[in-house]
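Listed here are the chains, written in short residue letters.
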2 protein chains.
Amino acid sequence: MRHAIQDSYPARFAHCHGCGPANRDGWRLKSYVEGDEVVLRHTPAPAYTGGVPDHAYGGLLASLLDCHGAASATAFAYRAAGGEVGDGGALPRFVSGTLTVVYRRPTPMGVELVVRGRLAEAKGRKVTVDLELSADGEVCVTGQMIALEIPAEY
Amino acid sequence: MRHAIQDSYPARFAHCHGCGPANRDGWRLKSYVEGDEVVLRHTPAPAYTGGVPDHAYGGLLASLLDCHGAASATAFAYRAAGGEVGDGGALPRFVSGTLTVVYRRPTPMGVELVVRGRLAEAKGRKVTVDLELSADGEVCVTGQMIALEIPAEY
């Protein structure tokens, strides 16, 4: 049974419009550990078009990288500390520090988008994740998230 | 009478979820020229919370910078060519090339957010815009958009 990273976020941090299980009006995005990567799959609703109707909205793509980058950082940090998502332990919670999004080609509508996160660097409470968004096997967007761990006492 | 940049986009490029006048399910964000700056004002709907209920969603903030960055690039390029938004001429249409978002402090919910775009560099069909998002007079997010002009024959 696969376990989404967001489903193990502490309840007080579960209100994110993109990926918070507690946000009933949000998208409830789910990120999963798959080997050395963290993977998110999402098919945008028809309203999320970009300037032209057959391309996806850049802001939505940035949002996917934002939520998935923070979730990936969580999983990588938890693994580095000896845990594994789904083992019942409390996950650390990371927030977005710096997000970079490179739009390499138009992202088509009507297909499932796959976002992959790979660990670039973990240094203290700062985890850097390389991100790649594909549609139909073609890379449309790349990016990077520098995520910061929220202190436990917050 | 002020004229929103997005209201002069060519009709075939007016479907953006963030700022397209033709997207009835979108936010229809509006960016206005104010002197040497381009300014967007937006109060997020209550659903757009971040991890905690009193902070705004990072993906929405990235989206505001995405739409406003492209709109600002349009206005700066049009002015460089001797026009002014609202003069009835057809505006060039820019798309997102690279967007960088730096989350400097949590952005509060329930207040109007102000996003300012300033011209950093214009070089051929590439326009770079520095971006700054404030709430209650405090800068919460900064960023940069490298926008690319869509060729007229597209």
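Look a little higher up for the structure.
Computed from a prediction, not measured in an experiment: that's the story for all the values here. Every chain begins its residue count from 1, and numbering advances along the sequence as written. Key to labels: chains lettered from A, ligands numbered from 1, both in the order written. The predicted nature of this model means local features are confined to residues of pLDDT at least 70 and side-chain atom pairs, given and counted, to a pLDDT of 80 or more, with totals for whole chains, interfaces and linings taken over all residues. Side-chain figures throughout are based on the complete set of non-hydrogen atoms in the structure, without hydrogens or water.

**Thoughts on the sheet that holds strand β5 (residues 126-135) of chain A**
Inference 1: Within the open sheet, the twelve strands sit side by side as β1(A)-β2(A)-β4(A)-β5(A)-β6(A)-β3(A)-β3(B)-β6(B)-β5(B)-β4(B)-β2(B)-β1(B). Their pairing is antiparallel. The open sheet has two free edges, formed respectively by β1 (31-34) of chain A together with β1 (31-34) of chain B, since each of these has just one partner strand. Sheet twist, expressed as the mean angle between neighbouring strand axes with direction ignored, is 25 degrees.
Inference 2: Relative to strand β4 (residues 113-123) of chain A, strand β2 (residues 37-42) of chain A runs antiparallel, the two sharing six bridges. Each bridged residue has a counterpart across the sheet, and for A:Arg41 the counterpart in β4(A) is A:Val114.
Inference 3: Helix α1 (residues 58-80) of chain B contacts β3 (94-103) of chain A together with β1, β2 (37-42), β3 (94-103), β4 (113-123), β5 (126-135) and β6 (138-149) of chain B of the sheet and is inclined by roughly 130 degrees relative to β3(B). By the convention used here, strands pair only if DSSP detects at least 2 bridges between them. By the criteria applied, helices consist of DSSP H or I runs no shorter than four residues and strands consist of E runs no shorter than two, each listed in order from the N terminus. Axes here refer to lines fitted to C-alpha atoms; in helices the fit is confined to the stretch in contact. Angles between the N-to-C directions go from 0 to 180 degrees. Residue contacts are counted whenever heavy atoms from the two residues lie within 4.5 Å of one another.

**A look at the relation of the copies chain B and chain A**
Inference 1: When chain B is fitted onto chain A, the two copies agree to an RMSD of 0.0 Å after a turn of 180 degrees and an axial shift of 0.0 Å. The operation mapping one copy onto its partner corresponds to a two-fold rotation axis. In terms of proximity to the rotation axis, the leading residue of chain B is B:Thr100, whose C-alpha is 2.2 Å off the axis. The atoms used to superpose the copies are C-alpha atoms, taken from residues with pLDDT of at least 70 in both, and the fit is least squares.

**Description of the interface of chain B and chain A**
Inference 1: Contacts between chain B and chain A engage 36 residues on the former and 36 residues on the latter.
Inference 2: For the pair chain B and chain A, the two sides together bury roughly 2500 Å², of which 56% comes from carbon and sulfur.
Inference 3: Put simply, buried area is how much 1.4 Å-probe accessible surface two parts lose in total, over both of them, once they are put together. When the buried surface of chain B facing chain A is broken down by residue, B:His17, B:Tyr57 and B:Tyr103 rank first, second and third, together holding 22% of it.
Inference 4: Polar contact criterion, stated in full: a pair of N or O atoms within 3.5 Å, where within protein one must be able to donate a hydrogen and the other to accept it, and residues adjacent in sequence count only if both atoms are side-chain atoms. The interface formed by chain B and chain A holds 24 residue pairs in polar contact (both at pLDDT 80 or more) in total.
Inference 5: Sorting the residues of the side of chain B that touches chain A by element identifies α1 and β3 of chain B as the ones contributing at least two each.
Inference 6: Sorting elements by how many residues they give to the side of chain B that touches chain A places β3(B) first, with eight residues.
Inference 7: Taken together, the residues of the side of chain B that touches chain A break down into 17 nonpolar, 15 polar and four charged.
Inference 8: When β3(A) meets β3(B), the two strands line up antiparallel, connected through five bridges. If you follow A:Thr98 over to β3(B), its bridge partner there is B:Val102. Note on residue classes: Ala, Val, Leu, Ile, Met, Phe, Trp, Tyr, Cys and Pro are nonpolar, Asp, Glu, Lys and Arg are charged, and everything else, Gly too, is polar.

**Quick word on the nonpolar core**
Inference 1: Here, nonpolar core means buried Ala, Val, Leu, Ile, Met, Phe, Trp, Tyr and Cys residues that are tied together by side-chain atoms lying within 4.5 Å of each other. Relative accessible area decides the class of each residue, using a 1.4 Å probe on protein chains only: under 20% of the type maximum gives buried, over 50% gives exposed, and in between gives partly exposed. Of all hydrophobic cores here, the largest spans 84 residues; its most connected members are A:Leu64, A:Leu133 and B:Leu133.
Inference 2: Not counting chain neighbours up to four residues away, the residues in contact with B:Leu133 comprise B:Leu61, B:Leu64, B:Leu65, B:Thr107, B:Leu113, B:Val114, B:Val115, B:Glu138, B:Val139, B:Cys140 and B:Val141.

**Examining the pattern of salt bridges**
Inference 1: Here a salt bridge means any side-chain nitrogen of Lys or Arg lying within 4 Å of a carboxyl oxygen belonging to Asp or Glu. Under the defined criterion, the tally for this structure stands at 20 salt bridges over all chains.
Inference 2: With a shortest N-O distance of 3.1 Å, B:Arg41 and B:Glu34 are connected by a salt bridge.
Inference 3: You can call B:Glu34 partly exposed: its relative accessible area is 27%.
Inference 4: The partner of B:Arg105 in a salt bridge is B:Glu138, with the nearest N and O atoms 2.9 Å apart. Within this pair, whereas B:Arg105 is found in the loop between β3 and β4, its partner B:Glu138 is found in strand β6, the two being separated by 33 residues in sequence.
Inference 5: By relative accessible area, which is 39% here, B:Arg105 ends up partly exposed.
Inference 6: You can call B:Glu138 partly exposed: its relative accessible area is 42%.
Inference 7: A single network of salt bridges, built from pairs that share partners, joins A:Arg2, A:Glu34, A:Arg41 and A:Glu112.

Read these as layout, nothing more, since geometry by itself doesn't imply function.
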